[in-house]
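Structural overview for review
The lines below spell out each chain.
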Amino acid sequence: MALVTIPLDQLREGQPTTAEQAHNWCARLESGDILFFPQSPIPFTPEELAFLRGQQQTGSSLHKNIAYKPNPKNPEQDKLSGVDTKTADSAAVQRLHAIMRGYSQHVVHFLTDFLAPYHAQWRLDYASFRPLEEQNRDLPRRRRNDLLHTDAFPTRPTHGARILRFFNNIHPTRTRDWVVGDPFGLTVHRFAPAQIAPHPAGAASRTGKSLGRALGLGKAIPSLKRTPYDDFMMRFHNFLKENEPYQDQTPRYPWQFPAGSSWMVYTDTVPHAVLAGQYALEQTFLVEPQALVQPEISPLRILEQIAGAPLI
Ligand code: SIN
Ligand code: FE
């Protein structure tokens, strides 16, 4: 696991990423490396940054847990959520919505070329704005992000697609402080005991139905069905956060991402935690298994080898 530093002048216009380079970036990500851009390739105006950083001080209700859902087919039908529209000022909500839309579009534009092998087969997922101080947040254990974990979505199974996240630290001066843990394969073999091991059969349809019911839907919806792969990834996320020997005894590698930087990582397999920092933006991509340049080292393959059966 390594941090691969990519200086901005390497990305300047006139030097498009070659097919070979793009393949290489995908391979580095799939191997568990973090791609780090000391100066973010994503542009912001000073006004946008001032607006985003102003959200905490104004006392408006904009600042809770802001998620943006792009709509690639119809950009006008995108959605901003997590904003309390009853108390927040509507001009501010609109401004935030426009900034999130621009952010998402810039990240997509940048990665379309930079990660060319993926772009035809990624699903554009949520973007988020994280304006709260991460140090000493008071959250239930499974929602704490200061404990090492791999990502899995409780209500949005990926069916084998990988969770790739692009981050921006937009704090004016402070670093965003992460620690990362040993790679997925090693961690699974060392820490996944029999009770959380991947099960090939049984869970998928039951989970799909109960999830459908929990959301007030009469019957299961295929896209909500959790495959055995999704079940494992969710159990593993919970297991790592709840496992004290894992939290206390495994190697922890600190990385501090400076103000103005970006980084990108497969958070479904690189164990990570955020210890401190404030004001980050993030865009998530779900990369389909068939787009991977090294499918043989994907978490799906690793788990199917352990289970001895297909998991999706
Ligand atoms: C996480 O995905 O666990 C949090 C990362 C961050 O907000 O820096
Ligand atoms: Fe996470």
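This text gives an overview of the structure that appears in the document.

Cut-off values and rules
Residues numbered from 1 in each chain as written. Chains lettered and ligands numbered in written order. Predicted model: local features only at pLDDT ≥ 70, side-chain atom pairs only at ≥ 80, totals over all residues. Heavy atoms only, no water. Helix = DSSP H or I, 4+ residues; strand = E, 2+ residues; numbered from the N terminus. Buried < 20%, exposed > 50% of the residue type's maximum accessible area, 1.4 Å probe, protein only. Contact = heavy atoms within 4.5 Å. Areas by Shrake-Rupley, 256 points an atom, 1.4 Å probe, with all protein chains shown as cover. Near = heavy atom within 4 Å. Polar contact = N/O pair within 3.5 Å; in protein donor to acceptor, adjacent residues only side chain to side chain. 1 Å grid on protein atoms, 1.4 Å probe; cavity = no way out; pocket = protein on both sides within 12 Å on 5 of 7 lines; lining within 4 Å. Sits in = over half its atoms within 2 Å of the grid points. Axes fitted to C-alpha atoms, helices over the stretch in contact; angles between N-to-C directions. Parallel < 35°, antiparallel > 145°, perpendicular 65-115°, else oblique. Left-handed = near helix turned anticlockwise from the far one by under 90°. Nonpolar A, V, L, I, M, F, W, Y, C, P; charged D, E, K, R; others polar. Arc of directions from axis to C-beta. Salt bridge = Lys/Arg side-chain N within 4 Å of Asp/Glu carboxyl O. Donors = N, O, S within 2.8 Å, 3.2 Å for Na, K, Ca; no water.

1. Brief notes about the overall build of the chain
The helix and strand tally for the chain stands at nine helices and 11 strands. For the chain, the residues scored as buried account for 51% of the 312 residues in total. Summarising the internal contacts of the chain: among those between residues at least 6 apart in sequence, 86% fall at separations of at least 24. Summed over its atoms, the accessible surface of the chain is roughly 14,700 Å², and 52% of this surface lies on carbon and sulfur atoms.

2. What to know about the site of ligand 1
Neighbouring ligand 1 are Arg130, Asn145, His149, Asp151, Arg165, Phe167, Arg176, Trp178, His272 and Val274. Between ligand 1 and the protein, one listed contact pairs an oxygen atom with a side-chain N or O atom of Arg176 at 2.7 Å. Protein coverage of the free-state accessible area of ligand 1, which is 260 Å², stands at 98%. Placement of ligand 1 is best described as lying within the largest pocket. Secondary-structure elements contributing two or more residues to the shell around ligand 1 are strand S6 (162–169), strand S7 (176–180) and strand S10 (272–276).

3. Let's talk about the packing of helix H5 (residues 184–191) against helix H9 (residues 299–307)
Between two packed helices, both the angle of their axes relative to each other and the distance between the axes serve to describe the pair. In contact at an axis separation of 10 Å, H5 and H9 are set at 30 degrees when each is read in the N-to-C sense. Judged by the inter-axis angle, H5 sits roughly parallel to H9. Helix-helix and strand crossings are classified by hand; for H5 and H9 the assignment is right-handed. Each of Phe184, Gly185, Val188 and His189 in H5 lies in contact with H9, whose residues at this interface are Pro299, Ile302, Leu303 and Ile306. The residue inventory of the contact of H5 with H9, partitioned by class, reads six nonpolar, two polar and no charged.

4. Some remarks on H5
Looking only at H5, the buried set comprises Phe184, Gly185, Thr187, Val188 and Phe191. Along the long axis of H5, the arc covered by the buried residues comes to 165 degrees, so they all point the same way. Residues of H5 that are exposed and point more than 90 degrees away from the buried face comprise His189 and Arg190. In this fold, the buried residues of H5 make contact with helix H7 (228–242), helix H8 (244–249) and H9.

5. Re the pattern of salt bridges
Applying the stated rule across the entire model yields 16 salt bridges. Between Glu288 and Arg123 there is a salt bridge, and its shortest N-O distance comes to 2.8 Å. Of the two residues, Glu288 is situated in the loop between strand S11 (280–287) and H9 and Arg123 in strand S5 (residues 122–130); the sequence distance between them amounts to 165 residues. A residue is classified by how much of its surface remains accessible, and Arg123, at 33% relative accessible area, is partly exposed. When salt bridges with common partners are traced through the structure, they connect Arg130, Asp151, Arg165 and Glu282 into a single cluster.

6. Some details on the coordination of the iron ion (ligand 2)
Distances from the iron ion (ligand 2) to its protein donors, His149 (NE2), Asp151 (OD) and His272 (NE2), fall within 2.1 to 2.2 Å. The motif formed by the donor residues of the iron ion (ligand 2), counted along the single chain, is H-x1-D-x120-H. Within this pair, whereas His149 is found in the loop between S5 and S6, its partner His272 is found in strand S10, the two being separated by 123 residues in sequence. Using a relative accessible area of 2% as the deciding quantity, one classes His149 as buried. Residue classification places His272 among the buried positions, given a relative accessible area of 7%.

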